[in-house]
Amino acid sequence: MTEDGFATWEEYSLSLPEAERDSWFAASDPTGVGPRLFFQRVPEGKVVKNRVHLDVKVGRGFVGEERLAVLESHAARLEAIGATRGVLLLADEENESCQNMQDVEGNEFCLD
């Protein structure tokens, strides 16, 4: 149940005026143990660096060329829907490779 007394978040969304529907999204751990990430549309444009930077785990368990292929696959899929690539950080002695990206509004995140 949502904190507003609705049985589901979808039910809550349908109760809103049409212009306000689908203006937010949440990513939740299906087990309910991990944190919930909540994203909402705001009217202001981005004017400063992100206050939050997400690393999206897409290459867990992959190293070297296999990891680069996984990062490339996900980066290409995200580019097709409007994201842009930043710097590809190649593996070093401490870290595996990751791909810096920006969403359509310029918010930075990494495919890790």
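About the criteria used
Residues numbered from 1 in each chain as written. Predicted model: local features only at pLDDT ≥ 70, side-chain atom pairs only at ≥ 80, totals over all residues. Heavy atoms only, no water. Phe/Tyr/Trp six-rings, centres within 6.5 Å; stacked < 30°, edge-to-face > 60°. Helix = DSSP H or I, 4+ residues; strand = E, 2+ residues; numbered from the N terminus. Buried < 20%, exposed > 50% of the residue type's maximum accessible area, 1.4 Å probe, protein only. Contact = heavy atoms within 4.5 Å. Salt bridge = Lys/Arg side-chain N within 4 Å of Asp/Glu carboxyl O. Patch = residues over 30% accessible without salt bridge, like charges linked within 9 Å, V, L, I, M, F, W, Y side chains within 5 Å. Areas by Shrake-Rupley, 256 points an atom, 1.4 Å probe, with all protein chains shown as cover.

Considerations on the packing of aromatic side chains
Now for step 1: In total, this model carries one aromatic pair according to the counting rule given.
Now for step 2: Geometrically, the ring pair formed by Phe 6 and Tyr 12 is edge-to-face, given 5.4 Å between the ring centres and 65 degrees between the ring planes.

Describing the environment of Phe 109
Now for step 1: Locating Phe 109 in the fold gives a position in strand E6 (residues 108-111).
Now for step 2: Looking at Phe 109, the relative accessible area reads 14%, which means it is buried.
Now for step 3: For Phe 109 and Val 52, which are 57 residues apart along the polypeptide, the C-alpha to C-alpha distance reads 8.9 Å.
Now for step 4: Phe 109 has contacts with His 53, Leu 54, Val 56, Leu 78, Gln 99, Asn 100, Met 101, Gln 102 and Asp 103, leaving out every residue within four places of it along the chain.

A short note on the pattern of salt bridges
Now for step 1: Under the definition given, this model contains five salt bridges.
Now for step 2: Between Glu 96 and Arg 67 there is a salt bridge, with its nearest N and O atoms 4.0 Å apart. Within this pair, whereas Glu 96 is found in the loop between strand E4 (84-89) and strand E5 (98-102), its partner Arg 67 is found in helix H2 (residues 64-79), the two being separated by 29 residues in sequence.
Now for step 3: Since its relative accessible area comes to 6%, Arg 67 is described here as buried.
Now for step 4: For the salt bridge of Asp 112 with Arg 67, the shortest nitrogen-to-oxygen distance reads 2.8 Å. Residue Asp 112 is located in the segment after E6, and its partner Arg 67 is located in helix H2; the two are separated by 45 residues in the primary sequence.

Remarks on a nonpolar patch on the surface
Now for step 1: Among the surface-exposed residues, Phe 25, Leu 37 and Phe 39 lie close enough to one another that they form a single nonpolar patch of about 300 Å² accessible area.
Now for step 2: You can see Phe 25 is positioned in strand E1 (residues 24-27).

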